[in-house]
Amino acid sequence: MATFQQPGADASDGETANIPCWVRRQDGELFQVFAINCAHLGCPVRWFPQSNLFMCPCHGGAYYQDGSRASGPPERGLFEYRYKVEKGALFIRTGQLPTPGAQASLATRSKSCAS
Amino acid sequence: MRFVEKVGSWFDQRLQVGKTVKETLAHPVPRQTASWFYVFGSAALVVFILQFVTGILLAIVYVPSAGEAWSSLQTLNYQISAGWFIRALHGWGSNFMLAIVLIHMVQVFLFGAYKYPRELTWILGVFLLLMTLGMAFTGQVLRFDQDAYWGLGIGSSIASRIPFVGPALVSLLLGGPIIAASTLSRFFTFHVFVVPGLLIGFVVLHLILVIKLGINEWPMPGRIVRRATYLQEYHELIQRDGVPFLPGAIVKDIFFSAAILASIALCALLLGPFGPGGQPDPTIIQTAPRPDFFFLWLYALLSFLPPSMETPILLIGPAVALIVLIGLPFIAGEGEKSWKRRPIAVLAVLLIAVSLGALTHLGRHTPWSPVMDAWSREPIPAQYLAGRGALERQGALIFQSKQCRNCHSLGNTGGERGPALDQVAVRLTQDQLIRQVIQGGGNMPAYGKNLSPSQTTALVAFLETLHPIGQPPARDASQTELHRLGL
């Protein structure tokens, strides 16, 4: 698990500006960066290395190690942040609380850009 | 005394409200309504006043900043004398208020009080219920702990699913892209200024209508409400058999309200304030967020709806409920008032009460959630290991270490997400067990990539021993037949 500081946060945000995420190193500079929020309703998912599953404590969603949906109420896999590796440091593109609706509209937008 | 009278009349000469107040207090009400069934509205008002006063006292100390809210609640709990008690009064007052408002609504519904000419009183009441729920939710957020933080995440995830406007609504709700300082400021403004202001306005209107239209008479089976004749009939009733509200009917209201206040104080004293729970630090993920009592039913519902139905039901359900509640006095504005002759009304109340009760019960026990520490906390019952060979015991170890126990119980301990496995060998043959473990399915993850062939063999060997003594495990019928024929 890694923690990052919300861009643009100030002192009044207190500890809510520290946001966790799951980073999975697949190979060399190939990563997957998952949001902590379950794709069902946003509760924090936990990683269980023994069974190689992410599990959500709220409604029992479970995900495989590559973030894809394993079981439970989520309709999709874990949200992923876009990332880049520069000079040995991992940067991720963040700023917004990942929610099912926002991700969906994001996907639609990028699709229309591509076409 | 004379001086007081003089001052009083000085004010009244200018304000000219004395006569109205006297008339209002002494207005005649039907004799039978001086009943213990008619005390819930006034009790809700009294608890609202308690919330108002304790809320002001809390706001003196509370700091509505994401960085400091949690610690200011700690200050209230531990450093300010009686601070914990005021918090407890406010918290328990909130629970009592919601309960009383709901009981009041059920009583009004079953006594047909929403019918002509009291339709608007009912509609205002529906909005008062929504605002009370709004106060409960925003209040839970102000307790800015882990549950509040992740509860906001759940609220945002639900709101984000509204087509087209969802994401915009989320950033409006949160006051920014994430749950942070501006979110708390927003909820503070709603909880302390906006909703209470609306509540006061709606309560005043609601009360004016109650006084202007008169208290609903005791419903008699067979006494039918008709728009053409009702007002005259009601007028005749209070002429014939009316008592003044003061002192005739108010005594029971006072007793009941006092009993409620005493109960709130007792709960506050004995059970203390609600939280705050853990710090609202998103990096502490060892938490299982739960909403407050009155939202547990929704939390439970969200785990039982099939994924494809979830979004439509979440979005359409509340709208339908609101339309039904507001439409009720227009659909059934006339006719029978007595619940003794309205079986569908009684059944509807019972159905809703049983459903909400059952969902709340499930919300408290969350059988759908994996028990995150069952694999390391609950040992395999000794009787499931006795007499087992090395391979089977190795399988039992894999069963624990691969966290099967988090979702499957043995000996009534462990998760309830999947079926209990105490007798799994009776239900599934060896081949079916292997397939289920490797491929998953039926809401179980596939473990094919996580288990080596030898681990799978050991695990299934253990699972095959789980059957009652004297009852043979399931066998593949075709295999058994081949075996019998010696093939």
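Analysis parameters
Residues numbered from 1 in each chain as written. Chains lettered and ligands numbered in written order. Predicted model: local features only at pLDDT ≥ 70, side-chain atom pairs only at ≥ 80, totals over all residues. Heavy atoms only, no water. Helix = DSSP H or I, 4+ residues; strand = E, 2+ residues; numbered from the N terminus. Buried < 20%, exposed > 50% of the residue type's maximum accessible area, 1.4 Å probe, protein only. Contact = heavy atoms within 4.5 Å. Areas by Shrake-Rupley, 256 points an atom, 1.4 Å probe, with all protein chains shown as cover. Disulfide = S-S within 2.5 Å. Pairing = 2+ DSSP bridges. Axes fitted to C-alpha atoms, helices over the stretch in contact; angles between N-to-C directions. Phe/Tyr/Trp six-rings, centres within 6.5 Å; stacked < 30°, edge-to-face > 60°. Lys NZ or Arg CZ within 6 Å of the ring centre and 35° of its normal. Buried area = accessible area lost by both parts, 1.4 Å probe. Polar contact = N/O pair within 3.5 Å; in protein donor to acceptor, adjacent residues only side chain to side chain. Nonpolar A, V, L, I, M, F, W, Y, C, P; charged D, E, K, R; others polar. Salt bridge = Lys/Arg side-chain N within 4 Å of Asp/Glu carboxyl O. Parallel < 35°, antiparallel > 145°, perpendicular 65-115°, else oblique. pLDDT = per-residue confidence, 0-100. Core = buried A, V, L, I, M, F, W, Y, C linked by side-chain atoms within 4.5 Å.

## Some points on the overall build of chain A
Phase 1: The number of helices and strands found in chain A is one helix and nine strands.
Phase 2: Of all 115 residues assigned to chain A, the portion counted as buried reaches 50%.
Phase 3: Expressed as a percentage of contacts within chain A between residues at least 6 apart in sequence, the contacts between residues at least 24 apart total 34%.
Phase 4: As displayed, chain A offers around 5,400 Å² of accessible surface, 49% of which is attributable to carbon and sulfur atoms.

## So, the state of the cysteines
By definition, a disulfide links the sulfur atoms of two cysteines through a covalent bond.
Phase 1: In total, this model carries one disulfide over all chains according to the counting rule given.
Phase 2: Here A:C43 pairs with A:C58 through a disulfide, and the sulfurs are 1.9 Å apart. Measuring handedness by torsion sign, the sulfur bridge of A:C43 and A:C58 sits at about -80 degrees and is left-handed. Note that A:C43 is positioned in the loop between β3 (30-35) and β4 (46-48) and A:C58 in the loop between β5 (53-55) and β6 (62-64), a separation of 15 residues in sequence. With respect to burial, A:C43 and A:C58 carry one shared label: buried.
Phase 3: With no disulfide partner, A:C38 has as its closest neighbouring cysteine sulfur the one in A:C56, 3.8 Å distant.
Phase 4: For A:C38, a relative accessible area of 2% gives the class buried.
Phase 5: Left without a disulfide partner, B:C404 is nearest to the cysteine sulfur of B:C407, which lies 8.9 Å away.

## What to know about the sheet that holds strand β7 (residues 69-71) of chain A
Paired through their backbone hydrogen bonds, the strands of a sheet run either parallel or antiparallel.
All names here are of chain A.
Phase 1: Here four strands make up an open sheet; going across it, the order is β4-β5-β6-β7 and the pairing antiparallel. The strands lining the two open edges of the sheet, one partner per strand, are β4 and β7. With direction set aside, neighbouring strand axes in the sheet form an average angle of 35 degrees.

## Describing the packing of aromatic side chains
Phase 1: Taken as a whole and assessed by the stated rule, the structure comprises 27 aromatic pairs over all chains.
Phase 2: Considering the side-chain rings of B:F111 and B:W218, the 5.2 Å spacing of their centres and the 85 degrees angle between planes classify their relative orientation as edge-to-face. In this pair, B:F111 is assigned in the loop between α5 (83-110) and α6 (119-142) and B:W218 in the loop between α9 (181-213) and β2 (224-225), connecting sequence segments 107 residues apart.
Phase 3: Here B:F111 falls in the buried class, since its relative accessible area comes to 5%.
Phase 4: Its relative accessible area of 24% is what places B:W218 among the partly exposed residues.
Phase 5: Taken together, the ring pairs in this structure connect A:W22, A:F34, A:W47 and A:F54 into an aromatic cluster.
Phase 6: Residue placement shows B:R118 over the ring face of B:Y234; its charged tip is 5.2 Å from the ring centre.
Phase 7: The ring centre of B:F109 lies 5.3 Å from the NZ or CZ of B:R342, which sits over that ring.

## Digging into the interface of chain B and chain A
Phase 1: Of the residues lining the interface, 54 residues belong to chain B; the matching set on chain A comes to 49 residues.
Phase 2: A combined buried area of about 4,200 Å² lies between chain B and chain A, and 62% of that area is made up of carbon and sulfur atoms.
Phase 3: Interface area lost by chain B to chain A is led by B:I178, B:I285 and B:M372, which between them contribute 15%.
Phase 4: Between chain B and chain A we count 23 residue pairs in polar contact (both at pLDDT 80 or more) in total.
Phase 5: Of all the elements, helix α7 (residues 146-160) of chain B adds the most residues to the side of chain B that touches chain A, at eight residues.
Phase 6: For the side of chain B that touches chain A, the class distribution of residues is 29 nonpolar, 19 polar and six charged.

## Topic: the pattern of salt bridges
Residues and elements named next belong to chain B.
Phase 1: Going through the model one piece at a time under the given rule, you end up with twelve salt bridges over all chains.
Phase 2: The partner of K337 in a salt bridge is E217, with the nearest N and O atoms 3.1 Å apart. Remark: E217 occurs in the loop between α9 and β2 and K337 occurs in the loop between β4 (335-336) and α14 (343-365); sequence separation between them is 120 residues. Like E217, K337 is buried.
Phase 3: Between R377 and E378 there is a salt bridge, with the nearest N and O atoms lying 2.9 Å from each other.
Phase 4: The class for R377 is partly exposed, based on a relative accessible area of 48%.
Phase 5: When salt bridges that share partners are traced, they join E119, R227 and E334 into one network.

## As for the packing of helix α4 (residues 69-78) of chain B against α5(B)
Residue and element names in this part refer to chain B.
Phase 1: Between α4 and α5, the least distance of the axes is 5 Å, while the angle of their chain directions is 110 degrees. Regarding the angle of α4 to α5, the classification is roughly perpendicular. Note on element contacts: α5 touches α4 through G83, W84 and R87, opposite L73, L76 and N77.
Phase 2: Grouping the constituent residues of the contact of α4 with α5 by class yields three nonpolar, two polar and one charged.

## A word on the sheet that holds strand β2 (residues 18-27) of chain A
Residue and element names in this part refer to chain A.
Phase 1: Strand order in the open sheet formed by five strands is β1-β2-β3-β8-β9, and the pairing between neighbours is antiparallel. Strand pairing shows two members of the sheet lacking a second neighbour, β1 (2-5) and β9 (89-93), which therefore form its edges. Here the strands of the sheet are splayed against their neighbours by 40 degrees on average, with no regard to which way each runs.
Phase 2: With four bridges joining them, β1 and β2 adopt antiparallel strand pairing. In the sheet register, F4 faces β2, and the bridge partner there is I19.

## Brief notes about the confidence of the model for chain B
Residues and elements named next belong to chain B.
Phase 1: Per-residue confidence for chain B gives a mean pLDDT of 90; residues scoring 70 or more make up 98%.
Phase 2: Mean pLDDT in chain B bottoms out at helix α20 (residues 477-484), which sits at 67, and peaks at α5, which reaches 96.
Phase 3: For this predicted complex, the interface confidence score (ipTM) comes to 0.82, while the overall pTM stands at 0.86.

## Topic: the nonpolar core
Phase 1: Ranked by size, the top nonpolar core spans 54 residues in total, and within it A:W22, A:V45, A:F54, A:Y63, B:Y62, B:F144 and B:L184 carry the most contacts.
Phase 2: Elements with a minimum of two residues in this core: β2 and β3 of chain A together with α4, α6, α7, α8 (166-174), α9 and α12 (296-304) of chain B.
Phase 3: At six residues, the largest contribution of residues to this core is made by α7(B).
Phase 4: When residues no more than four places from it in sequence are discounted, the contact partners of B:Y62 are B:A69, B:S72, B:L73, B:L142, B:F144, B:L184 and B:F188.
Phase 5: Counting 51 residues, the second-largest nonpolar core is a separate cluster that includes B:I123, B:A249, B:A268 and B:V349.

## Structural notes on the environment of B:S409
Residues and elements named next belong to chain B.
Phase 1: Relative to the assigned elements, S409 resides in the loop between α16 (390-401) and α17 (424-427).
Phase 2: According to the relative accessible area criterion, S409 is buried, its value standing at 9%.
Phase 3: Residues S409 and I380, 29 residues apart in the sequence, show an inter-C-alpha distance of 9.6 Å.

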